[in-house]
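# Summary of the model geometry
So the chains spell out like this:
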Amino acid sequence: MRMRLRHGICVFLLMVTAGALAENGAPPAGRLQKAYRFQKGGWTYVHLEGSPSDIGFQHGYLLAPEIADALDAVKLVDTRETKRDWEFFRTTARQMLWPRIDAEYQQELQGIADGVKAHGVDLDVDDIVALNAMEEVADYYVPWLNKQQKSEKNPKLAAPGNCSAFIATGSMTKDHQIVIAHNNWTSYLTGERWVIIFDIQPQDGNRILMDGFPGVITSDDDFGVNAAGIMITETTITQFEGWDPEGKPEFMRSRKALQYAASIDDYVRIIKEGNNGGYANDWLIGDRKTGEIAYLELGLKNTPLWRTKDGYFVSSNFARDPKLIKEETSGFDPNDASSSPNARHARWEELMSQAKGKIDVSMAEQFLSDHVDSYEKKEDANERSLCGHVDASSRGIKEWAWDAYNPGGAVQGKAADSAMTAKMSFVARAGHPCGADFLAADFLERHPEYAWQKPLLRDMKAGPWTVFTAGDKEEK
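Residues numbered from 1 in each chain as written. Predicted model: local features only at pLDDT ≥ 70, side-chain atom pairs only at ≥ 80, totals over all residues. Heavy atoms only, no water.

## With respect to the sheet that holds strand β9 (residues 281-287)
Read from one edge to the other, the open sheet built from nine strands follows the order β1-β2-β5-β6-β7-β8-β9-β10-β11, with strand pairing classed as mixed. Looking along the sheet, the strands with just one partner apiece sit at the ends: β1 (36-40) and β11 (305-308). Each neighbouring strand pair of the sheet contributes to a mean axis angle of 15°, computed without reference to strand direction. In this fold helix α3 (residues 52-62) packs onto β1, β2 (43-50) and β5 (196-202), with an angle of close to 155° to the strand it touches most, β2. (Pairing = 2+ DSSP bridges. Helix = DSSP H or I, 4+ residues; strand = E, 2+ residues; numbered from the N terminus. Axes fitted to C-alpha atoms, helices over the stretch in contact; angles between N-to-C directions. Contact = heavy atoms within 4.5 Å.)

Right under this line is the structure:
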């Protein structure tokens, strides 16, 4: 009851007009004048506009309650899994990451911290940078650091997989235009909070429409389009190992690439510049202007690129390049058909073969909702289905160190085609893409081994497939 009351108070505060914010050190109305937020289809839509500092301030102020809540969830997971306290993450953010962040994004991150604080939430820029690096520090830097330190007390960590995606063009699609789709796989603890639609009109670069996480400057599960016609998504490379402490944070490079790329070559160049190996992904990239699509396997040492104007690429956390598998993973086995990444890979290939010449956004929504287990050759919502339900699996996912019945899987889905991208638009569904609800109390009653999540784990109700467009306003 207290949580509901607190949420209600936060919503009320966010409805106060900018002109009423003059007292108690509140921000000048001008900084918030062009920004707004509203709820739609289970998502929070946020429009941000202006200088890097102003975009950051608007982000922090408008989403302050969500940022505080999201940070609590990230702290709980990352400190528990790494056995390192939050001050370790703050120090890493300050000493290693901050000096390697471009000035533009330093200003935006500081703006988020300032905005959150102006709304009465006591966080600083070290917290915000650590939040932005929630994937790369816990899953890439810490395992690398543990190897340097060689202590028997270090926990065994594995870079997770997470996500199912495809991109297709030419004769593969119904209208011979690009179709791209992605569902985000993560823990329900963080995934149920991954429900922000960011419409960002920066002072420099392209306008961006992307899904995202409160307080983070990039999409981070990575689905977005920009005003130059670039369409992007990715899935994480399972069991990747590699880190360059002198490199630039991945969260900054991915945001910069979407903001400034006007071509596939631009995107590849920007995201590779200063590559630190963090959050290593297979990137699916499309350019609606040319109809060309590409697949960038972004390791640290190996970064092969494939591209075509007539075909498709699928991705489900499997490494594709044999050299990268050998040199940069901790033993990923592409021949284990029972594993989640490979079983989903096989299902993607089946669907692409069956759907050639018919793929459109509506069909993409069906793909993201698919429950076929290609290994068992039957319908079964589990860790092998494109719409993942690991909480239903007694096997868990050993490659990611996910135990049996781990509360995680597909937490939302998005899809777009070239025509939608031309309008700066995509369709998205909050919650499981299949429409099933996750009920926290029922799950914890069946699986008390996950009681440590009880303070923050909540229901994840599926919303409807909903179209979002840059410049959307709340419907009256």
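## Here we look at unusual backbone geometry
Of note in the backbone geometry, D220 takes a positive phi value of approximately 80° without being a glycine. Mapping D220 onto the fold places it in the loop between β6 (208-212) and β7 (223-226).

## Brief notes about the side chain of R84
Checked against the element boundaries, R84 lands in the loop between α4 (64-82) and α5 (86-97). Of the buried charged residues, R84 lacks a salt bridge, with D85 as the closest side chain of opposite charge at 8.0 Å. One polar contact links R84 to N146, side chain to side chain, over a distance of 2.9 Å. Among the polar contacts made by the side chain of R84, one reaches the side chain of Q149 at a distance of 3.0 Å. (Buried < 20%, exposed > 50% of the residue type's maximum accessible area, 1.4 Å probe, protein only. Lys, Arg positive; Asp, Glu negative; His and termini not counted. Salt bridge = Lys/Arg side-chain N within 4 Å of Asp/Glu carboxyl O. Polar contact = N/O pair within 3.5 Å; in protein donor to acceptor, adjacent residues only side chain to side chain.)

## So, the packing of aromatic side chains
Under the defined criterion, the tally for this structure stands at 25 aromatic pairs. Taking the centre distance of 4.6 Å and the plane angle of 50° together, the rings of Y188 and F438 count as tilted. Taken together, the residues span a long stretch of sequence, with Y188 in helix α9 (residues 188-191) and F438 in the loop between β16 (425-430) and α16 (440-446) at a distance of 250 residues. The class for Y188 is buried, based on a relative accessible area of 0%. For F438, a relative accessible area of 4% corresponds to the buried category. Look at Y267 and W283: their rings are 5.6 Å apart centre to centre, the planes differ by 55°, and that puts the pair in the tilted class. Taken as a pair, Y267 in helix α11 (residues 264-272) and W283 in strand β9 lie far apart in primary sequence, 16 residues in all. Counting every residue linked through ring pairs, the aromatic cluster contains W86, F88, F89, Y141, W144 and W243. Positioned over the ring face of W452 is R80, at 4.0 Å from the centre of the ring. (Phe/Tyr/Trp six-rings, centres within 6.5 Å; stacked < 30°, edge-to-face > 60°. Lys NZ or Arg CZ within 6 Å of the ring centre and 35° of its normal.)

## Some remarks on the confidence of the model for the protein
Close inspection of predicted coordinates is inappropriate in any region flagged by low pLDDT. Across the protein, the average pLDDT comes to 93, with 92% of residues at or above 70. Note that pLDDT drops below 50 for residues 1-25; the model gives that stretch 13 contacts with residues more than four away or on any other chain. (pLDDT = per-residue confidence, 0-100.)

## What about the nonpolar core?
Ranked by internal contacts, the top residues of the largest apolar core, which has 119 residues, are F166, Y267, I285, W348, I359 and F367. Counting residues in each nonpolar core, the second largest holds 13 residues, with Y188, F443, L457 and M460 among its members. (Core = buried A, V, L, I, M, F, W, Y, C linked by side-chain atoms within 4.5 Å.)

## Concerning the packing of α4 against helix α7 (residues 125-132)
Between two packed helices, the angle of one axis relative to the other and the distance separating the axes together describe the packing. It is the contact of α4 with α7, at a shortest axis distance of 11 Å, that shows an interaxial angle of 60°. Crossing handedness for the pair α4 and α7: left-handed. Residues I67, L71 and V74 of α4 form the contact with α7, whose own contacting residues are D127, I128 and L131. Classifying every residue of the contact of α4 with α7 gives five nonpolar, no polar and one charged. (Left-handed = near helix turned anticlockwise from the far one by under 90°. Nonpolar A, V, L, I, M, F, W, Y, C, P; charged D, E, K, R; others polar.)

## Things to note about the state of the cysteines
Scanning the model with the defined rule gives zero disulfides in all. You can see C163 has no disulfide; the closest cysteine sulfur is in C387, sitting 12 Å from it. With no disulfide partner, C434 has as its closest neighbouring cysteine sulfur the one in C387, 3.8 Å distant. Judged by its relative accessible area of 24%, C434 falls in the partly exposed class. (Disulfide = S-S within 2.5 Å.)

## Topic: the sheet that holds strand β15 (residues 408-417)
Strands in a sheet are paired, the pairing made by backbone hydrogen bonds, and the direction either parallel or antiparallel. In spatial order, the strands read β12-β3-β4-β15-β16-β17; together these six strands make up an open sheet with antiparallel pairing. Strands at the two margins of the open sheet, each flanked by one partner only, are β12 (311-315) and β17 (466-469). Neighbour-to-neighbour, the strand axes of the sheet open up by a mean angle of 20°, direction not taken into account. Pairing of β16 with β17 involves four bridges; the strand directions are antiparallel. Across the sheet, residue F426 finds its bridge partner in β17, namely F468.

## Overview of the pattern of salt bridges
Under the defined criterion, the tally for this structure stands at 36 salt bridges. A salt bridge links R458 to D69; the nearest nitrogen and oxygen atoms lie 3.2 Å apart. Here R458, found in the loop between α16 and β17, pairs with D69, found in helix α4; they are 389 residues apart in sequence, far enough to count as distant. For the salt bridge of E87 with R90, the shortest nitrogen-to-oxygen distance reads 3.1 Å. Placement of the pair is E87 and R90 together in helix α5, with a separation of three residues, close to one helical turn. For E87, a relative accessible area of 38% corresponds to the partly exposed category.

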